[in-house]
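What the coordinates show
Here are the chains, one letter per residue:
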Amino acid sequence: MIVARRTVLGTGLAAAGALLAGCGRSTPTMGAARPVGESAGLPGSESPAAGSPSPSTSGSAAPPGFGKAPKGRATSPAGLTFTPGRVVKPLGATAAYGATLTQIMTRYLAPTPDNPKYPGYAGAVALVAVDGQVTAHSAVGHALRYGTGPAELPSAQRVPMRRDAIFDLASITKVFTALLVLQLADQGKVDLDAPVVRYLPEFTGAGKDAITVAMVLAHTGALPGGVSFSGLTTMADRWARVVTAPLVSGGVPGTTFRYSGVGLMVLGRLVEKVTGQALDAAVRDRITGPLGMRNTMFKPLNQISGSDPRLVATEARKARGLTRGVVHDDLCLALGGVAGHAGMFGTASDLAILGQMLINGGEYGGRRILSEKIVRRMLVNANQGLPAIDAERPGRSSTHGLGVELQQPWFMGKLARPLTFGHTGFTGTSWLVDPDRRVVVVLLTNRAHPDWTRANPDKPRVAIADALATGLG
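Owing to the predicted nature of the structure, the values given are computational and were not obtained by experimental measurement. (Residues numbered from 1 in each chain as written. Predicted model: local features only at pLDDT ≥ 70, side-chain atom pairs only at ≥ 80, totals over all residues. Heavy atoms only, no water.)

Observations regarding the overall build of the chain
Counting secondary structure elements, the chain contains 11 helices and 16 strands. Counting every position in the chain, which comprises 473 residues, the buried fraction comes to 60%. Pairs at least 24 residues apart make up 71% of the contacts formed inside the chain by residues separated by at least 6 positions. Within the structure as shown, the chain displays about 16,300 Å² of accessible surface, and the carbon and sulfur contribution to it stands at 54%. (Helix = DSSP H or I, 4+ residues; strand = E, 2+ residues; numbered from the N terminus. Buried < 20%, exposed > 50% of the residue type's maximum accessible area, 1.4 Å probe, protein only. Contact = heavy atoms within 4.5 Å. Areas by Shrake-Rupley, 256 points an atom, 1.4 Å probe, with all protein chains shown as cover.)

A short note on the pairing of strand β14 (residues 421–425)
A large share of β14 lies buried, amounting to five of its five residues. Along β14, one buried face is formed by Phe421, His423 and Gly425 and the opposite face, lined by Gly422 and Thr424, is buried too. The sheet contact formed by strand β13 (residues 405–406) and β14 spans two bridges and is antiparallel. Counterpart to Leu406 in the pairing with β14 is Phe421. Both β14 and strand β15 (residues 429–434) contribute to a ladder of five bridges, which runs antiparallel. From the neighbouring strand, Gly425 faces β15, where its bridge partner is Thr429. The antiparallel pairing of β14 with β15 creates a hairpin that spans three residues between the two strands, and Gly428 there sits at a positive phi of about 115°. (Pairing = 2+ DSSP bridges.)

Comments concerning the pairing of strand β4 (residues 123–130)
With eight of eight residues buried, β4 is to be regarded as a mostly interior element. Alternating residues of β4 divide into Gly123, Val125, Leu127 and Ala129 and Ala124, Ala126, Val128 and Val130, and every residue in both groups is buried. Pairing of β4 with strand β5 (residues 133–144) involves eight bridges; the strand directions are antiparallel. Of the residues in β5, the one forming a bridge with Ala126 is Ser138. What sits between β4 and β5 in their antiparallel hairpin is a turn of two residues, with Asp131 showing a positive phi close to 55°. For β4 and strand β16 (residues 439–445), the ladder comprises seven bridges, and the chain directions are antiparallel. Across the sheet, Val128 pairs through a bridge with Val441, a residue of β16.

Below, the structure written as structure tokens:
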């Protein structure tokens with residue numbers, strides 16, 4: 001039986017099964033802008049640190065005040081000042097807070113008071129960009145440390161983490177699906193306030209005709225976290241199970257925030273129906289290609305070797321064996337590798353480009369991805385006054401934009417502000433953007449390597465965010 005992985009934690013965490021990753025296949029397309037930290041062998045590629053597991057950083061000493069964020073005064077999306085024309089510039093000098101971030105990242109390579117039994121992860125990459133300039137970028141630990149069992153590999157077989165490491169982004173993929181839906185809204189092909197069933201007639205079930213596209217983007221559609229594919233052997237039957245999934249017990253669309261992986265899987269199908277493209281092709285042709293995000297892809301083993309040193313390993317338990325370059329999420333895997341809820345692979349540098357595009361108001365490198373109007377709508381709290389139900393994080397709020405988390409201290413720490421947005425991924429990834437102060441923060445860890453039950457990924461996320469809140473000024 002294939003079910004959402006988190007359900008094994010018990011009934012208290014059953015709803016979190018929706019966080020599982022999805023995946024698909026795409027061939028990166030050259031765009032107008034070249035990202036920092038490109039593939040090995042290409043201009044701008046980054047080699048691993050000398051030695052092995054020691055922290056990898058670069059950049060000369062920075063002048064005083066370098067890397068400080070603009071003050072920023074906007075309190076609503078309408079007040080944002082966008083900065084079209086900015087592109088991400090590679091790390092030159094490292095801001096003063098860069099060393100502090102590396103120290104924090106290194107701390108979690110071993111057990112800590114907040115996770116005393118195991119390390120927080122095998123390795124990590126962090127990147128900070130301010131007003132388009134990368135001010136800190138470092139890598140610590142290992143991309144591969146454990147083999148199936150799990151068992152620690154001999155030192156000679158371990159792979160050190162690199163700044164251009166390619167991670168399973170997990171639920172950060174939901175952001176890409178949301179951006180595609182917003183593009184279609186920009187083009188007049190999708191009405192965000194229309195029912196999903198208008199575009200996806202197979203989206204059937206009691207009460208589901210009241211679910212709008214915007215509700216699904218804001219996770220108020222009363223859809224479940226995940227589904228079971230038990231007994232289903234064909235792809236058609238599995239997708240039918242997704243799009244016909246019933247509302248959660250007692251759920252009323254539009255009234256309560258419940259994080260739903262099924263919702264974004266459904267929107268991925270909607271994108272395919274409206275565009276006439278497979279989801280992986282739509283992401284490639286409409287987002288990653290135009291932005292020059294050459295290292296962001298579905299199914300990386302279709303494009304690079306499984307032994308590529310940039311590939312970051314996830315799980316290494318006996319059930320599936322070592323997972324490296326193959327999506328971690330069982331639901332996505334069962335769907336053939338293409339789904340809207342998670343599973344893309346990518347680098348910190350590419351995610352910096354995505355964040356800068358939104359800081360620019362939907363434009364990057366001369367290519368417009370979204371209109372400024374739709375970016376502003378994306379960042380409005382769509383769930384004002386609504387309750388939130390989250391068994392894993394009972395203290396969280398419902399604050400959410402269209403496809404992005406808004407002002408969530410549980411992973412943003414002291415960087416949480418009214419307009420700060422971002423997303424996390426089950427494998428230990430996170431992406432945070434403050435468009436008012438023009439800051440992008442990416443923290444990618446392989447906390448599921450070798451076993452996702454060993455550590456809480458929110459601890460290092462908050463530690464990094466809190467340190468940056470001080471360092472950014």
